[in-house]
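Summary of the model geometry
Each chain, letter by letter, is given below.
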Amino acid sequence: MHAVVVTAWGGPEVLQWMDWPEPAVGPDDVLIRVQTTSVNFADVKARYGQYHGAGKPPFVPGLDVAGVVEAVGEQVEGVAPGMRVVAFPRGGSYAERVVAPKELVYPIPDALDWAPAAGIPTVGFTAYQLLATVARITPGESVLIHSAAGGVGTTAIQIARLLGARFIIGTVGDDAKRPVAEEAGADLVVNYRQTSFSEAVKAATDGHGVDVILDAVGGPVAEESLTCLAPFGRLVHFGDASGEVGRIRVSDLHASCRAVLGYSLGTARRARPASIRPAADHVLQWLQEGRLRVMITREYPLPEAAAAHQWMESRQSVGKIILRATP
Ligand SMILES: NC(=O)c1ccc[n+]([C@@H]2O[C@H](COP(=O)([O-])OP(=O)(O)OC[C@H]3O[C@@H](n4cnc5c(N)ncnc54)[C@H](OP(=O)(O)O)[C@@H]3O)[C@@H](O)[C@H]2O)c1
């Protein structure tokens, strides 16, 4: 079979479409013929050797797939050949066929198209976990979502609303991204490279701050975020797109009853795979009901993954980027 392979650490040019060994199917595994996969920022980090969950070159990057089950191991129940599924494969998703452990395979309805199917697992299940499980958002609370026009951002805005958020503020790094965050449902969008986002948040909340903040930028953005987190608020840190380290003083937390929390879907996939299934159930149900939408902005044939990476790395990309393994 063929796969997109990270042949060395480096820029998009290190991604090569080449022959790659067929994945072996163990007793607890599901073999899937890939229809679509998606580009996540973690794939870019992995290509540079900066993602904690990735291997060493040569390796196949990618986190999530949508496709048709071709075979199952003898210990697998509830999933059978011919079923349409989304999954987190074991050895990277940018391939014609992948193998996923049965715990990380989720059947999808016939009505769900292949593009939104592949675009939902990483961003949708993560956004649900961040808001519902980690931040424990309650109806009526306010939320600040950084990188609001991106894959996680556009999905998290919608999920925050579905979970009852009252006022949702998004930050973007470019004015061209504003309409995307607004279309996802943000009540206020702030360009944090032009304006102090913390001042904008305080102005919009009568100086109170927001109850929940989702931050995957890190560095100074994480530090400034704490200055506009309301008493009893939760700052959830789940990535470091900036590549910078943010420093938090514990003395800023106890008297205000605020919390700083962390989450990694990658760690949960490896250590607590069962914990993800309730998120999958909610998110796939919302998709099926048309209450949640994957905001897909570009699609590329899988062999052209390098161009898709170039686009995401340009920092101009918005929404989700999909790779198609079949014409
Ligand atoms: N912990 C988890 O389980 C988990 C799961 C999924 C994603 N994530 C994290 O969530 C974030 C969003 O992921 P995504 O796949 O949806 O990507 P994305 O938001 O579609 O794209 C990444 C965005 O990060 C922002 N950014 C800020 N500083 C940047 C920098 N120095 N270089 C490049 N981009 C920068 C950019 O938006 P602006 O310029 O508009 O800010 C960029 O568009 C990533 O940090 C990712 O690692 C974490």
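A quick note: this is a predicted structure, and the numbers were derived from the prediction, not measured. (Residues numbered from 1 in each chain as written. Predicted model: local features only at pLDDT ≥ 70, side-chain atom pairs only at ≥ 80, totals over all residues.)

1. Looking at the nonpolar core
Counting 103 residues, the largest nonpolar core has Ala-87, Leu-131, Ala-156, Ala-160 and Val-210 as its most contacted members. Considering every element that reaches this core, the biggest residue donor is helix α3 (residues 121-134), with seven residues. Taken domain by domain, this core gets at least three of its residues from each of domain 1 (2-120 + 294-324) and domain 2 (123-266). (Core = buried A, V, L, I, M, F, W, Y, C linked by C-beta atoms within 7 Å. Buried ≥ 20, exposed ≤ 12 C-beta atoms within 10 Å, placed from the backbone. Helix = DSSP H or I, 4+ residues; strand = E, 2+ residues; numbered from the N terminus. Domains from an automatic or database assignment.)

2. Observations concerning the site of the ligand
Around the ligand lies a shell of 27 residues, among which Gly-150, Gly-151, Gly-173, Ala-216 and Gly-239 are the nearest. Residue assignment for the shell around the ligand shows that the elements contributing at least two residues are α1 (41-47), α3, α4 (151-162) and α8 (265-271). Classifying every residue of the shell around the ligand gives twelve nonpolar, 13 polar and two charged. Looking at the shell around the ligand, you find at least three residues from each of domain 1 (2-120 + 294-324) and domain 2 (123-266). (Near = placed C-beta within 6 Å. Nonpolar A, V, L, I, M, F, W, Y, C, P; charged D, E, K, R; others polar.)

3. Topic: the domain arrangement of the protein chain
According to the domain assignment, the protein chain contains domain 1 (2-120 + 294-324) and domain 2 (123-266). Facing the ten residues of domain 1 at the interface are 13 residues of domain 2. Tallied by class, the residues present in the side of domain 1 that touches domain 2 amount to four nonpolar, four polar and two charged. (Contact = placed C-beta atoms within 7 Å.)

4. Thoughts on the packing of α3 against α4
Across the interface, α3 lies against α4 with an axial gap of 9 Å and an inter-helix angle of 50°. Taken as axis vectors, α3 and α4 run oblique relative to one another. As α3 runs across α4, the sense of the crossing is right-handed. Listed contacts from α4 to Val-123, Gly-124, Thr-126, Ala-127, Tyr-128, Leu-130 and Leu-131 of α3 are Gly-151, Val-152, Thr-155, Ala-156, Ile-159 and Ala-160. Looking at the contact of α3 with α4 residue by residue, the classes come out as nine nonpolar, four polar and no charged. (Axes fitted to C-alpha atoms, helices over the stretch in contact; angles between N-to-C directions. Parallel < 35°, antiparallel > 145°, perpendicular 65-115°, else oblique. Left-handed = near helix turned anticlockwise from the far one by under 90°.)

5. Structural notes on the sheet that holds strand β13 (residues 259-262)
With respect to topology, six strands assemble into an open sheet ordered β10-β9-β8-β11-β12-β13, the strand pairing being parallel. Two strands in the sheet have a free side with no partner beyond their single neighbour: β10 (188-191) and β13. Each strand axis lies, on average, 15° off the axis of its neighbour in the sheet, ignoring direction. Sheet topology note: the strand β11 (residues 210-215)/strand β12 (residues 229-237) ladder contains five bridges and is parallel. By the bridge assignment for β12, Leu-214 is matched with Val-236. (Pairing = 2+ DSSP bridges.)

6. Describing helix α10 (residues 305-313)
For α10, every residue scored as buried is listed here: Ala-305, Ala-308 and His-309. Burial along α10 is one-sided: seen end-on, the buried residues are contained in an arc of 100°. Against β1 (2-6), β2 (15-19), β3 (29-39), α1, β14 (296-301) and β15 (320-324) lie the buried residues of α10. Just downstream of α10 lies Arg-315, where phi reads positive at about 70°. (Arc of directions from axis to C-beta.)

7. Notes on α4
In this model α4 runs 17 Å from its N-terminal to its C-terminal C-alpha over twelve residues, within 8% of the 16 Å that 1.5 Å per residue would give. Burial analysis of α4 places ten of its twelve residues in the buried class, which makes it a mostly covered element. Here α4 has its buried residues at Gly-151, Val-152, Gly-153, Thr-154, Thr-155, Ala-156, Ile-157, Gln-158, Ile-159 and Ala-160. Packing partners of the buried residues in α4 comprise α3, β8 (142-145), β9 (167-172), α5 (178-184), β11 and β15. Of the residues one or two after α4, Gly-164 is the one with positive phi, at around 105°. (Expected span 1.5 Å × (residues − 1).)

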